Amino acid sequence: MKLKSLIQNCNRLEVAEVEIEFIPGIPQIHFLGLPDRLIKESFYRIKSALKSSGYKFPLTSQMIVNIKPNHLRKSSRGVELAVALGILLKTEQIQAEQINLDWVIYGELGLDGNIYEPSDLYQSTSHFQDIKVLTGAGQNSSCYRLMNLKNI
């Protein structure tokens, strides 16, 4: 499963590919591609948001998340929405027709499943005028919004 998202690179956002694969094992999310502490902590927000929204978190799989480009240190909680939607698509809890895979998916998750627009997206809107972004509640009027994972 591959989705598009954004990552911080030198104080600006850059389009990134988020690739998700499952392997047998203890349920955990492993982030590859030089993730920072914020991204590594996303596991708990993603798990809580999915459960709070009525979805099932995979209990017999490890989720491997590769964020490309690999050579850049990744810093952003905005990839949480892409990872959560990737898990839902991969486990067929939502259908592929519900998400346009050409969109950039960039949002922070609350423990209750609410979705928020990361503040760095509003500051970087001028760089992404030709890109459709799916995000959460925020200031940016040019984005498509999901308010909660339950709304999918």
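Attention here is on the structure that accompanies the text. Position numbers for residues count from 1 along each chain, tracking the sequence in the order it is written. At least 70 in pLDDT is required for a residue's local features to be given in this predicted model, at least 80 for side-chain atom pairs to be given and counted, and no such filter applies to totals for whole chains, interfaces and linings, which use all residues. Only hydrogens and water are set aside; all other atoms, that is, all heavy atoms of the structure, feed into the side-chain values.

## A few points about the packing of helix H2 (residues 42-52) against helix H3 (residues 79-90)
Piece 1. Contact pair H2 / H3: the axes reach a minimum separation of 10 Å and the direction vectors enclose 50 degrees. In terms of orientation, H2 lies oblique with respect to H3. Taken as a pair, H2 and H3 cross one another with a handedness that is right-handed. Note on element contacts: H3 touches H2 through Glu80, Val83, Ala84, Ile87 and Leu88, opposite Ser42, Arg45, Ile46 and Leu50. Axes, fitted as lines to C-alpha atoms, cover a helix only where it is in contact. Angles between the N-to-C directions of the axes lie from 0 to 180 degrees. Runs of H or I in DSSP of at least four residues are treated as helices and runs of E of at least two as strands, each being numbered from the N terminus. Angular relationships are summarised with four words: roughly parallel below 35 degrees, roughly antiparallel beyond 145, roughly perpendicular across 65 to 115, and oblique for the angles in between. In a left-handed crossing the near helix is turned counterclockwise from the far helix by less than a right angle, and in a right-handed crossing that turn is clockwise. We call two residues in contact whenever any of their non-hydrogen atoms come within 4.5 Å of each other.

## Here we look at the environment of Pro27
Piece 1. By secondary structure assignment, the location of Pro27 is in the loop between strand E2 (12-24) and strand E3 (28-32).
Piece 2. A sequence separation of 31 residues divides Pro27 from Pro58, and the C-alpha atoms of the two residues are 6.5 Å apart.
Piece 3. If near-sequence neighbours (up to four positions away) are discounted, Pro27 is found in contact with Phe43, Phe57, Pro58, Leu59 and Ser61.

## What about the nonpolar core?
In summary, soluble globular proteins display a tendency toward joint burial of nonpolar side chains.
Piece 1. With 37 residues, the main nonpolar core has Ile29, Ile46, Leu50, Val83, Leu85, Ile87 and Leu149 as its most contacted residues.
Piece 2. Elements represented by at least two residues in this core include exactly strand E1 (2-9), E2, E3, H2, strand E4 (61-68) and H3.
Piece 3. To define a nonpolar core, start from buried Ala, Val, Leu, Ile, Met, Phe, Trp, Tyr and Cys residues and group those joined through side-chain atoms within 4.5 Å. Burial classes follow relative accessibility: with a 1.4 Å probe on protein chains only, a residue under 20% of its type's maximum area counts as buried, one over 50% as exposed, and anything between as partly exposed. The next biggest cluster of nonpolar side chains, apart from the first, holds seven residues, and it includes Leu6, Leu13, Tyr106 and Leu121.

## A closer look at unusual backbone geometry
Piece 1. Looking along the chain, the bond that leaves Lys68 and enters Pro69 is cis, with omega of 10 degrees.
Piece 2. By the element assignment, Pro69 lies in the loop between E4 and H3.
Piece 3. Phi is positive for Glu92, close to 60 degrees, though the residue is something other than glycine.
Piece 4. Among the structural elements, Glu92 can be located in the loop between H3 and strand E5 (104-105).
Piece 5. Residue classification places Glu92 among the exposed positions, given a relative accessible area of 64%.

## A look at the pattern of salt bridges
Piece 1. A pairing counts as a salt bridge when a side-chain nitrogen of Lys or Arg comes within 4 Å of a carboxyl oxygen of Asp or Glu. The tally for this structure, following the rule as stated, stands at four salt bridges.
Piece 2. Between Lys68 and Glu19 there is a salt bridge, and its shortest N-O distance comes to 3.5 Å. With Lys68 in strand E4 and Glu19 in strand E2, this residue pair connects regions lying 49 residues apart in the sequence.
Piece 3. Glu19 sits in the partly exposed class, given a relative accessible area of 25%.
Piece 4. The shortest N-O distance in the salt bridge between Glu80 and Arg45 comes to 2.4 Å. Linking Glu80 in helix H3 with Arg45 in helix H2, this pair joins segments that are 35 residues apart in sequence.
Piece 5. Since its relative accessible area comes to 13%, Arg45 is described here as buried.
Piece 6. Connected via shared salt-bridge partners are Glu17, Glu19 and Lys68.

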